[in-house]
Amino acid sequence: MVSSRTELGYDSKIEGEVIVSRRDAIINWVRTNSMWPMPMGLACCAIELMGSGGARFDIARFGAEVMRFSPRQADCMIVAGTVTYKMAPQVRRIYDQMSSPKWVIAMGACASTGGMYRSYATLQGVDRIVPVDVYVSGCPPRPEALLDGLMRLQDKVRHEPAAGKLFTA
């Protein structure tokens with residue numbers, strides 16, 4: 001029996017116990033549903049980040065409940081809060097230690113643009129030191145906004161060429 005199961009998120013054909021699909025679709029499906037975030041909680045947004053892991057919001061529904069505190073085990077950095085110039089080299093170092101492919105979510109106004117802090121000590125956006133894939137607006141953003149940002153990141157990962165990133169460091 002041959003059937004097409006497009007509801008799985010990729011074009012596939014199931015013949016008995018064999019699934020035939022494209023390599024990029026399979027790799028991206030695995031990456032999308034098993035993100036391991038690295039929480040970079042620097043200010044009040046980190047409280048909302050912790051709230052997204054609770055039972056009410058349940059980030060586990062999106063396959064991202066395994067928060068890793070080692071950069072070598074994480075593939076998605078969530079920068080939550082104000083980044084100061086004193087902290088910026090450490091944020092960049094942790095980003096560099098993450099294995100490829102890696103993605104970054106800037107959570108909150110302070111991480112995205114410096115927020116209300118226009119001082120000599122505040123970095124005016126984390127995108128000045130690391131490439132940001134998704135911005136989550138709000139001050140602080142609610143856990144639902146973070147989950148929306150996570151879904152936008154998953155959609156981005158789902159449509160990117162996976163094989164190119166698989167064999168490059």
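Residues numbered from 1 in each chain as written. Predicted model: local features only at pLDDT ≥ 70, side-chain atom pairs only at ≥ 80, totals over all residues. Heavy atoms only, no water.

An unreviewed UniProt entry lists the protein chain under the name NADH-quinone oxidoreductase subunit B, with Horticoccus luteus as the source organism. Quoted straight from UniProt, the Subcellular location (unreviewed entry) entry for the protein chain says "Cell membrane". Recorded in UniProt under Catalytic activity (unreviewed entry), the annotation for the protein chain is "a quinone + NADH + 5 H(+)(in) = a quinol + NAD(+) + 4 H(+)(out)". (UniProt positions renumbered as here; feature names shortened; annotations may be inferred.)

1. Comments concerning the UniProt feature "binding site: [4Fe-4S] cluster" (unreviewed entry) in the protein chain
Residues annotated by UniProt as "binding site: [4Fe-4S] cluster" (unreviewed entry) correspond here to Cys44, Cys45, Cys110 and Cys139. Considering the C-alpha atoms alone, the annotated residues occupy 96 residues of sequence yet fold into one spot, their largest mutual distance being 9.9 Å. Tracing the sequence through the fold places cysteine 44 in the loop between strand S4 (37–41) and helix H2 (45–52). Examined against the element boundaries, cysteine 110 turns out to sit in helix H4 (residues 109–113). Look at cysteine 110 and you get buried, because its relative accessible area is 10%. In contact with cysteine 110, not counting residues within four places along its chain, are Gly81, Thr82, Gly115, Tyr117 and Leu123. (Helix = DSSP H or I, 4+ residues; strand = E, 2+ residues; numbered from the N terminus. Buried < 20%, exposed > 50% of the residue type's maximum accessible area, 1.4 Å probe, protein only. Contact = heavy atoms within 4.5 Å.)

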